[in-house]
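The residues making up each chain are set out below.
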Amino acid sequence: MLCSKWLNLAIVSGSCFRQYFPYSELRMSGKADLAAVTTYFGLLWPQLNEGLTYHDIVRPTDAGLTLIEFYFRKYKNSAPLQGWLQRIQNKQITIDGKVVVLPDTELRAGAELVYHRLPWREPDAPYLLEVLFEDDYLIVVNKPSGLQVLPGGLYQQRTVLTQLQWHACKLTTTSSGCQKTHPVPVHRLGRGTSGILLCAKTKLCKSRLAAYFAEGTSVVEDKYTNSGCNTMRKICKIYRALVSGVMDMDEVVIKQPIGTIKYPGVAKGLYVASPSGKPALSSVRVLERDSENNCTLVQVEIQSGRPHQIRIHLSFIGFPLIGDPLYVSGGQPKCFHPELMDESFEEDGGYQRPENPVPGDCGYNLHAHQICLIHPITNELIKITAPLPAILQTREEREASQPNSS
């Protein structure tokens, strides 16, 4: 049984075990007394975001540099040299509150630099979030595929974080105005990944949940072959994925380390399967094979939290996610030409979007389906389930979800 060790842990510890399913699932199961209207929140995205403002104080070690030298050295990943020249000449940079248009202006120690990035239209993204669980300390949402969790790259406003901020503001507007604190995600899901996302409402809840995730990773690092680590962890994450090819094994444990390589369009490097990388552990179980369509539906439990771990691990063993534009067999990028760096730039001076695939590209089917955790404040043992997309359901699950099914 899935997460059965968590039930044993609840009995031993004396904790109360509670399960949280979407309200629609409760109705289907016949538990009408528990049914309620599914809760969503979210506001439509404006056509343009508000732009960004970056503040810097010139350090003594940078005194004497010219304005163009400072920005190109410090923010080389943001724009090519010509792009920074355009931004300066476009009156987007001030020194001590005064606009400067001469790139050769010499900087003095202590000067305040401000770069104003102009507003832009961000790529389309979903905006509605389904609430799976909420109390005074936590809110757990069902993130749709295509929505980024935190600001980054072209997505600075169209993120889960922004919707959480807007939602918190809306709830408090009628009383004392927008509250200073708001829920924040405590872990990440890839932009193309859907499903359960934990968000903390308080600093204490956030710190304890962060410790849960850190402990899970440390277990993998300290005891790489420990098969009983489920009983040691305070959080258990279960994913569903659809992979290319028919897996012959019923279960497989993947222990491939994950590291980074230099890659166009990814400033901090692309995560790939690498023998010199950090330890990572994924447990895979086959749920259903489809020989006719050459695919396999799998369940994955990750005991560490490396970026893009499931995509990398499944592709590493020769079963990449169907529709994954980036990772192929071996856990490597589909097309990789590090020497082909595009120096052209957009209207705002920044780099153009690379032609090669990047990690945020969507198209694959990966869903954070279930999570078991000890509540960071109440110590209750709870299980939360996010409804599955139809493509990630087994035949039996699809039949059970039909309106006429008994």
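Residues numbered from 1 in each chain as written. Predicted model: local features only at pLDDT ≥ 70, side-chain atom pairs only at ≥ 80, totals over all residues. Heavy atoms only, no water.

## Details of helix H3 (residues 67-74)
Right, on to step 1. For H3, the full list of buried residues reads Leu67, Ile68, Phe70 and Tyr71. End-on view of H3: buried residues confined to an arc of 160°, all on one side of the axis.
Right, on to step 2. On the buried face of H3, the contacting elements are strand S3 (52-57), helix H4 (81-89), strand S4 (93-95) and strand S6 (112-117). (Buried < 20%, exposed > 50% of the residue type's maximum accessible area, 1.4 Å probe, protein only. Helix = DSSP H or I, 4+ residues; strand = E, 2+ residues; numbered from the N terminus. Arc of directions from axis to C-beta. Contact = heavy atoms within 4.5 Å.)

## With respect to the side chain of aspartate 135
Right, on to step 1. Along the chain, the position of aspartate 135 falls in the loop between strand S7 (129-134) and strand S8 (138-143).
Right, on to step 2. This buried residue, aspartate 135, is left without a salt bridge; lysine 201 holds the nearest opposite charge, at 5.8 Å.
Right, on to step 3. Here leucine 138 takes part through its backbone nitrogen, which lies 2.7 Å from a polar atom of the side chain of aspartate 135.
Right, on to step 4. Contact partners of aspartate 135, with chain neighbours within four places excluded, come to Lys201 and His375. (Lys, Arg positive; Asp, Glu negative; His and termini not counted. Salt bridge = Lys/Arg side-chain N within 4 Å of Asp/Glu carboxyl O. Polar contact = N/O pair within 3.5 Å; in protein donor to acceptor, adjacent residues only side chain to side chain.)

## Overview of the sheet that holds S4
Right, on to step 1. Strand order in this open sheet of four strands is S3-S6-S4-S5, and the pairing throughout is antiparallel. Only two strands of the sheet have a single partner each, and these edge strands are S3 and strand S5 (98-99).
Right, on to step 2. Across the sheet, H3 lies against S3, S4 and S6, angled at about 65° from S6, the strand it touches most. (Pairing = 2+ DSSP bridges. Axes fitted to C-alpha atoms, helices over the stretch in contact; angles between N-to-C directions.)

## Details of the pairing of S8
It is a general feature of regular strands that their side chains alternate between the two faces of the sheet.
Right, on to step 1. Within S8, six of the six residues are buried, leaving the element largely enclosed by the surrounding structure.
Right, on to step 2. Judged by which residues are buried, S8 turns out to be covered on both faces: Leu138, Val140 and Asn142 on one side and Ile139, Val141 and Lys143 on the other are all buried.
Right, on to step 3. Relative to S8, S7 runs antiparallel, the two being bridged by four bridges. Looking at the pairing, glutamate 130 lines up with asparagine 142 of S8.

## Observations regarding unusual backbone geometry
Only a minority of non-glycine residues have a phi that is not negative, and only a minority of peptide bonds are not trans.
Right, on to step 1. Phi is positive for histidine 308, close to 60°, though the residue is something other than glycine.
Right, on to step 2. Looking at where histidine 308 falls in the secondary structure, it is placed in the loop between strand S16 (295-302) and helix H7 (309-316).
Right, on to step 3. Phi is positive for asparagine 379, which is not a glycine, with a value near 70°.
Right, on to step 4. Its location among the elements puts asparagine 379 in the loop between strand S19 (366-374) and strand S20 (381-385).

## Comments concerning the confidence of the model for the chain
Right, on to step 1. Per-residue confidence for the chain averages 85 on the pLDDT scale, and 80% of its residues sit at or above 70.
Right, on to step 2. When the criterion is pLDDT under 50, residues 4-17 qualifies, and its contacts beyond four places in sequence or with other chains add up to 26 contacts. (pLDDT = per-residue confidence, 0-100.)

## Focus on the pairing of strand S14 (residues 266-273)
Right, on to step 1. Here strand S13 (residues 258-263) runs beside S14; their pairing, made up of five bridges, is antiparallel. Bridged to tyrosine 263 within S14 is valine 266.
Right, on to step 2. Where S13 hands over to S14, the hairpin turn is made up of two residues, of which glycine 265 adopts a positive phi near 85°.

## A word on the packing of H3 against H4
Right, on to step 1. In contact at an axis separation of 10 Å, H3 and H4 are set at 130° when each is read in the N-to-C sense. When the axes of H3 and H4 are compared, the pair comes out oblique. Along this stretch, H3 crosses H4, giving a crossing that reads as right-handed. Counting all contacts with H3, which are made through Leu67, Ile68, Tyr71 and Phe72, the residues of H4 involved are Leu81, Trp84, Leu85 and Ile88.
Right, on to step 2. Along the lines of polarity and charge, the residues of the contact of H3 with H4 split into eight nonpolar, no polar and no charged. (Parallel < 35°, antiparallel > 145°, perpendicular 65-115°, else oblique. Left-handed = near helix turned anticlockwise from the far one by under 90°. Nonpolar A, V, L, I, M, F, W, Y, C, P; charged D, E, K, R; others polar.)

## Thoughts on the pattern of salt bridges
Right, on to step 1. Scanning all chains against the criterion turns up ten salt bridges.
Right, on to step 2. Arginine 121 is the partner of aspartate 124 in a salt bridge, and the nearest nitrogen-oxygen pair spans 3.2 Å.
Right, on to step 3. Through salt bridges with shared partners, one network takes in Arg121, Asp124 and Arg158.

## Looking at empty space enclosed by the protein
Right, on to step 1. This structure, assessed with the given rule, holds one cavity of 30 Å³ or more.
Right, on to step 2. Of the pockets and cavities examined, the largest cavity occupies roughly 50 Å³.
Right, on to step 3. Only strand S11 (235-244) and S19 provide two or more residues apiece to the lining of the largest cavity.
Right, on to step 4. In terms of residue count, S19 provides more of the lining of the largest cavity than any other element does, four residues in total.
Right, on to step 5. Looking at the lining of the largest cavity residue by residue, the class counts come to five nonpolar, three polar and one charged. (1 Å grid on protein atoms, 1.4 Å probe; cavity = no way out; pocket = protein on both sides within 12 Å on 5 of 7 lines; lining within 4 Å. Points joined across faces, edges and corners; volume = space filled by probe spheres on them.)

## Focus: the packing of aromatic side chains
Right, on to step 1. Applying the stated rule across the entire model yields seven aromatic pairs.
Right, on to step 2. Taken together, a centroid distance of 5.5 Å and an interplanar angle of 15° make the contact between tyrosine 54 and tyrosine 115 stacked. Placement of tyrosine 54 in strand S3 and of tyrosine 115 in strand S6 is noted, with a sequence separation of 61 residues between them.
Right, on to step 3. With relative accessibility at 30%, the residue tyrosine 54 sits in the partly exposed group.
Right, on to step 4. Ring-pair connections join several aromatic residues into one group, and the members of that group are Tyr54, Phe70, Tyr71, Tyr75, Trp84 and Tyr115.
Right, on to step 5. Seen from the ring of tryptophan 84, arginine 87 lies directly overhead, with NZ or CZ sitting 4.5 Å from the centre.
Right, on to step 6. In this structure, arginine 117 is placed above the aromatic ring of tryptophan 120, and the distance from its NZ or CZ to the ring centre is 3.8 Å. (Phe/Tyr/Trp six-rings, centres within 6.5 Å; stacked < 30°, edge-to-face > 60°. Lys NZ or Arg CZ within 6 Å of the ring centre and 35° of its normal.)

## Here we look at the nonpolar core
Right, on to step 1. Membership of the largest hydrophobic core comes to 53 residues, with the highest contact counts inside it found for Ile196, Leu198, Leu209, Val298, Leu314 and Ile384.
Right, on to step 2. Setting aside anything within four residues of it in sequence, one finds leucine 314 in contact with Ala241, Val243, Ile254, Val284, Val298, Val300, Phe319, Pro320 and Leu321.
Right, on to step 3. Core analysis: the second largest hydrophobic core is formed by 16 residues, Ala79, Trp84, Ala111 and Leu113 among them. (Core = buried A, V, L, I, M, F, W, Y, C linked by side-chain atoms within 4.5 Å.)

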